[in-house]
Amino acid sequence: MTTVAEHYKNHLAPVYLWMAGGFDAAISRGESEVNAVCPNPSNGFTAIDLGAGFGMHSIPLARCGYSVVAIDSSPKLLEVLQDHIESLPIQTVEDDLLAFQKYLNAKAHLILCMGDTLTHLSDAQSVEQLFSLVAESLHPDGMFITTFRDYTSALVGDGRFIPVKSDNDRILTCFLEYSPDYVTVHDVLHERSGSIWQLSVSSYRKLRLSPEWVSSKLQAKGFTVRIEPGLAGMVRVVAKRLKLRSTGPARKAAQSG
Ligand SMILES: C[S@@+](CC[C@H](N)C(=O)[O-])C[C@H]1O[C@@H](n2cnc3c(N)ncnc32)[C@H](O)[C@@H]1O
């Protein structure tokens with residue numbers, strides 16, 4: 001078993017773009033999701049992309065007018081993003097996503113944690129910690145959006161073998177092994193080298209988070225939450241600040257005046 005960072009460094013990052021169907025196709029999927037769910041930015045709007053990878057959402061967000069801080073622990077994926085930034089307002093940061101507040105100058109208008117990144121955190125307490133930091137860091141009209149896979153129903157038997165992607169020279173298969181709180185993901189990669197196939201396997205843990213649990217924890221931090229289908233079988237949770245109605249002295253004075 002490896003850490004998430006080691007898994008990406010040694011196994012997944014080198015084939016990640018291939019797995020995602022290539023840069024342009026992935027960015028256009030990200031763009032459709034950003035257009036469907038992210039508010040149109042006004043001047044000076046900032047977005048934080050937690051676990052940004054190669055920029056599937058950071059690039060579309062910047063193209064539509066957000067200034068973006070893209071945080072990821074994989075230098076290789078950030079390098080791909082960096083190579084595509086051109087003049088877009090994107091700051092890439094190699095760090096743990098739980099450290100994102102270090103890179104904020106003001107409250108953010110949008111915070112994203114997309115593409116199953118949430119389940120990469122080490123435990124449920126870290127997810128709750130992230131939600132506290134998000135609640136503290138968002139602008140009063142801000143929004144938090146996360147997409148992740150719901151692993152709460154365990155697959156059984158042959159169903160635990162997931163064919164992820166294949167072509168003439170490469171085959172990526174996932175095997176899922178369930179524990180009460182985690183699913184261990186074994187990424188099994190076959191790569192053709194001349195006339196032989198080389199096998200490499202790397203494993204890491206993902207959290208089994210239910211959409212309802214995520215929603216209830218966000219509601220407890222003062223968000224209104226909706227749950228909807230996301231891309232590629234993921235669930236999308238959209239959390240907005242709960243607008244508090246003032247009942248204090250200022251409002252009462254205004255009413256009586
Ligand atoms: C499944 S990928 C999703 C990438 C991107 N959000 C997308 O939708 O394509 C998960 C990303 O999160 C990053 N990651 C996982 N855990 C992290 C952590 N604790 N801090 C920063 N990045 C992390 C990985 O390096 C990887 O780029």
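Here the structure is a predicted model, which means the values were calculated and not measured.

Draft legend 1. Region of the structure containing the domain arrangement of the protein chain. Parsing the protein chain into structural domains produces domain 1 (4-150 + 208-250) and domain 2 (157-206). Spacing between the C-alpha centres of domain 1 and domain 2 amounts to 26 Å. On the side of domain 2, 23 residues touch domain 1, which itself brings 15 residues to the contact. Both sides together, the interface formed by domain 1 and domain 2 hides about 1500 Å², and carbon and sulfur atoms give 61% of it. On inspection of domain 1 and its partner domain 2, the count reaches 1 salt bridge. Taking the shortest distance from any N to any O, the salt bridge between Lys-206 and Asp-116 comes out at 2.7 Å. For the interface between domain 1 and domain 2, the tally reads 8 residue pairs in polar contact (both at pLDDT 80 or more).

Draft legend 2. Region of interest: the packing of aromatic side chains. Under the defined criterion, the tally for this structure stands at 7 aromatic pairs. Between Phe-131 and Phe-144, the ring centres sit 5.8 Å apart and the planes meet at 65°, which makes this aromatic pair edge-to-face. In this pair, Phe-131 sits in helix H5 (residues 124-137) while Phe-144 sits in strand E5 (residues 138-148), placing the two residues 13 residues apart along the sequence. With respect to class, Phe-131 is no different from Phe-144; both count as buried. Pairing Phe-161 with Phe-175 gives two aromatic rings, centres 4.6 Å apart and planes at 40°, and the pair type is tilted.

Draft legend 3. Local environment of the site of the ligand. Taken together, 19 residues sit near the ligand, with Tyr-16, Gly-51, Asp-72, Leu-97 and Gly-115 positioned nearest. Gly-51 is positioned with one of its backbone polar atoms (N or O) 2.7 Å from a nitrogen atom of the ligand. Asp-96 has a polar side-chain atom sitting 3.3 Å from a nitrogen atom of the ligand. Protein burial of the ligand: of its 590 Å² of free accessible surface, 94% is covered by the chains. A total of 3 residues in the shell around the ligand trace back to one element, the largest contributor, which is helix H1 (residues 4-19). Here the residues of the shell around the ligand are counted per class, giving 8 nonpolar, 8 polar and 3 charged.

Draft legend 4. Examining helix H2 (residues 23-37) more closely. Across its 15 residues, H2 extends 21 Å between first and last C-alpha, which sits within 8% of the 21 Å expected from 1.5 Å per residue. Buried residues belonging to H2 abut H1, helix H3 (58-63), helix H4 (75-83), E5, strand E10 (223-229) and strand E11 (235-241).

Draft legend 5. Representation of the environment of Leu-133 in the model. Relative to the elements of secondary structure, Leu-133 occurs in helix H5. Residue Leu-133 is classed as buried on the basis of its relative accessible area of 13%. C-alpha of Leu-133 to C-alpha of Lys-221: the two residues are 88 residues apart in sequence and 9.9 Å apart in space.

Draft legend 6. A look at the packing of H1 against H4. Look at H1 against H4: their axes get within 8 Å of each other, and the N-to-C directions meet at 30°. The pairing of H1 with H4 is recorded here as roughly parallel in orientation. Of the residues in H4, those touching H1 at Tyr-8, Ala-13, Pro-14, Tyr-16 and Leu-17 are Lys-76, Leu-77 and Val-80. Considered class by class, the residues forming the contact of H1 with H4 number 7 nonpolar, no polar and 1 charged.

Draft legend 7. Main features of the layout of surface pockets. Considering only enclosed or pocket space, the second largest pocket measures out at about 160 Å³ in volume. The wall of the second largest pocket is formed by Thr-46, Ile-48, Ser-67, Val-68, Val-69, Gln-91, Tyr-103, Leu-104, Asn-105 and Ala-106. The element contributing the most residues to the lining of the second largest pocket is strand E2 (residues 67-72), with 3 residues. When grouped by side-chain class, the residues that make up the lining of the second largest pocket number 6 nonpolar, 4 polar and no charged.

The rules we used
Residues numbered from 1 in each chain as written. Predicted model: local features only at pLDDT ≥ 70, side-chain atom pairs only at ≥ 80, totals over all residues. Heavy atoms only, no water. Domains from an automatic or database assignment. Contact = heavy atoms within 4.5 Å. Buried area = accessible area lost by both parts, 1.4 Å probe. Salt bridge = Lys/Arg side-chain N within 4 Å of Asp/Glu carboxyl O. Polar contact = N/O pair within 3.5 Å; in protein donor to acceptor, adjacent residues only side chain to side chain. Phe/Tyr/Trp six-rings, centres within 6.5 Å; stacked < 30°, edge-to-face > 60°. Helix = DSSP H or I, 4+ residues; strand = E, 2+ residues; numbered from the N terminus. Buried < 20%, exposed > 50% of the residue type's maximum accessible area, 1.4 Å probe, protein only. Near = heavy atom within 4 Å. Areas by Shrake-Rupley, 256 points an atom, 1.4 Å probe, with all protein chains shown as cover. Nonpolar A, V, L, I, M, F, W, Y, C, P; charged D, E, K, R; others polar. Expected span 1.5 Å × (residues − 1). Axes fitted to C-alpha atoms, helices over the stretch in contact; angles between N-to-C directions. Parallel < 35°, antiparallel > 145°, perpendicular 65-115°, else oblique. 1 Å grid on protein atoms, 1.4 Å probe; cavity = no way out; pocket = protein on both sides within 12 Å on 5 of 7 lines; lining within 4 Å. Points joined across faces, edges and corners; volume = space filled by probe spheres on them.

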